[in-house]
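Listed below, chain by chain, are the residues.
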Amino acid sequence: GTFIFNNVKPGEYILQVHSRLVEYDPIFVKVDVNGVFQSQVISSKTRKVVRDISHPFLLETTQRIEYTPPKDTSLWGIIKNNPTMITIGVSVLFVFIMKKMPSMDELQQAGQVEQSQPAGQR
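Residues numbered from 1 in each chain as written. Predicted model: local features only at pLDDT ≥ 70, side-chain atom pairs only at ≥ 80, totals over all residues. Heavy atoms only, no water.

Now for the overall build of the protein. Secondary structure assignment for the protein yields three helices and six strands. Helices (α) and strands (β) of the protein occur, in sequence order from the N terminus, as β-β-β-β-β-β-α-α-α. Relative to the 2.2 N^0.38 estimate, which gives 14 Å for 122 residues, the radius of gyration of the protein is 36 Å and therefore markedly larger than a compact globule would have. If one aligns the C-alpha atoms of the protein with their principal axes, the spans along those axes are about 115 × 30 × 20 Å. Here the protein holds 122 residues, and 10% of them are scored as buried. Of the side-chain charges in the protein, 13 are positive and 11 negative, and the distance between the mean point of each set is 2 Å. (Helix = DSSP H or I, 4+ residues; strand = E, 2+ residues; numbered from the N terminus. Rg over C-alpha atoms; globule rule 2.2 N^0.38 Å. Buried < 20%, exposed > 50% of the residue type's maximum accessible area, 1.4 Å probe, protein only. Lys, Arg positive; Asp, Glu negative; His and termini not counted. Charge placed at Lys NZ, Arg CZ, Asp CG, Glu CD.)

Here you go:
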């Protein structure tokens, strides 16, 4: 983008641009009482002057940043974002459900008991 700063008071300034995707070296700007300025690019790593820069400032990227969103390290985040944990959870759930279901022997016994009762008692 393009930015313009009007009516800058005399003093020393550091112009920094922040981005999630790229890194820029900051620019040191010194403005005198007559509105004349001196400007220098400062290395973001060594904090030393790299070069003088003239107006208009054209910022060059120094490094591309690989953005990775923060990871959810809570127990719930580990479970919901891990397919293995979801599979284990579903398996454990089935084990508990299957324990409550009657076995085939129990079903057959119940059927035999029902058949042995007279029709009026069913």
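From this point, things continue past the structure.
For the rest of this paragraph, the subject is the side chain of Asp-25. By secondary structure assignment, the location of Asp-25 is in the loop between β2 (22-24) and β3 (27-31). Although Asp-25 lies buried, it forms no salt bridge, and the closest oppositely charged side chain, Arg-51, sits 5.5 Å away as judged by the N-O distance. Side-chain polar atoms of Asp-25 contact the backbone nitrogen of Ser-44, separated by 3.0 Å. Leaving out residues up to four positions away in the same chain, Asp-25 has contacts with Val-41, Ile-42, Ser-43, Ser-44 and Thr-62. (Salt bridge = Lys/Arg side-chain N within 4 Å of Asp/Glu carboxyl O. Polar contact = N/O pair within 3.5 Å; in protein donor to acceptor, adjacent residues only side chain to side chain. Contact = heavy atoms within 4.5 Å.)

What follows is about the environment of Gln-38. By secondary structure assignment, the location of Gln-38 is in strand β4 (residues 37-42). Under the relative-accessibility criterion, Gln-38 is labelled exposed at 56%. Along the chain, Gln-38 and Gly-1 lie 37 residues apart, while their C-alpha atoms are 22 Å from each other. Apart from residues lying up to four places away in sequence, Gln-38 is in contact with Phe-28, Val-29 and Lys-30.

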